[in-house]
Amino acid sequence: MKNEQAKTRPAVEVRFGNIRAAVWRNEAEAGPWYNVTFERSYRDGTEYKSSQSFGRDDLLTLAKVADEAHSEIFRLQRFDNNED
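Residues numbered from 1 in each chain as written. Predicted model: local features only at pLDDT ≥ 70, side-chain atom pairs only at ≥ 80, totals over all residues. Heavy atoms only, no water.

Points about the pattern of salt bridges
(1) Moving on: All told, the structure shown has 8 salt bridges when counted by the stated rule.
(2) Moving on: Beyond isolated ion pairs, a larger network of salt bridges with shared partners links Glu-13, Arg-20 and Glu-39. (Salt bridge = Lys/Arg side-chain N within 4 Å of Asp/Glu carboxyl O.)

In structure tokens, the structure reads:
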């Protein structure tokens, strides 16, 4: 699944600082649905890397990103419902 996601772009990305949420649109017979992946970027020497692990000091920013992703999913669903 990770390779599939690498080939496609998320419907929406939300970023605050080094914490990012990617909102992914999925298709089903009943209609589209969304899921979210979270990552934290960091620098290891001169190389940038990402992790799905979050420390204590990341949690409030993660919550803010999750809240914004939640709002974006509702916006996307309203758009989906208006297309019918």
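Focus on the pairing of strand S2 (residues 19–26)
Regular strands place side chains that alternate from one sheet face to the opposite one.
(1) Moving on: The element S2 is extensively covered by neighbouring structure, given that 7 of its 8 residues are classed as buried.
(2) Moving on: Across 5 bridges, the pairing between strand S1 (residues 12–16) and S2 is antiparallel. Residue pairing for S2: Phe-16 is matched across the bridge by Ile-19.
(3) Moving on: The hairpin formed by S1 and S2 contains 2 residues between the paired strands, and Gly-17 there has a positive phi angle of roughly 60 degrees.
(4) Moving on: Direction of pairing for S2 relative to strand S3 (residues 33–44): antiparallel, over a ladder of 8 bridges. Of the residues in S3, the one forming a bridge with Ala-21 is Phe-38.
(5) Moving on: Taking the residues that link successive antiparallel strands as the turn, the S2-S3 hairpin has 6 residues, and the phi of Gly-31 there is positive, at about 125 degrees. (Buried < 20%, exposed > 50% of the residue type's maximum accessible area, 1.4 Å probe, protein only. Helix = DSSP H or I, 4+ residues; strand = E, 2+ residues; numbered from the N terminus. Pairing = 2+ DSSP bridges.)

Regarding the side chain of Asp-58
(1) Moving on: Of note, Asp-58 is situated in the loop between strand S4 (47–51) and helix H2 (59–83).
(2) Moving on: Engagement of the side chain of Asp-58 in a polar contact is seen with the backbone nitrogen of Gly-55, the distance being 2.9 Å.
(3) Moving on: Apart from residues no more than four positions distant in its own chain, Asp-58 is found in contact with Ile-19 and Arg-40. (Polar contact = N/O pair within 3.5 Å; in protein donor to acceptor, adjacent residues only side chain to side chain. Contact = heavy atoms within 4.5 Å.)

Points about the side chain of Arg-40
(1) Moving on: Mapped onto the elements of the fold, Arg-40 is located in strand S3.
(2) Moving on: At a separation of 2.9 Å, a polar atom in the side chain of Arg-40 contacts the main-chain carbonyl oxygen of Ser-53.
(3) Moving on: Among all residues touching Arg-40, those that are not within four sequence positions of it are Asn-18, Ile-19, Lys-49, Ser-50, Ser-51, Ser-53, Phe-54 and Asp-58.

Bear in mind that shape data such as this cannot, by itself, settle questions of function.
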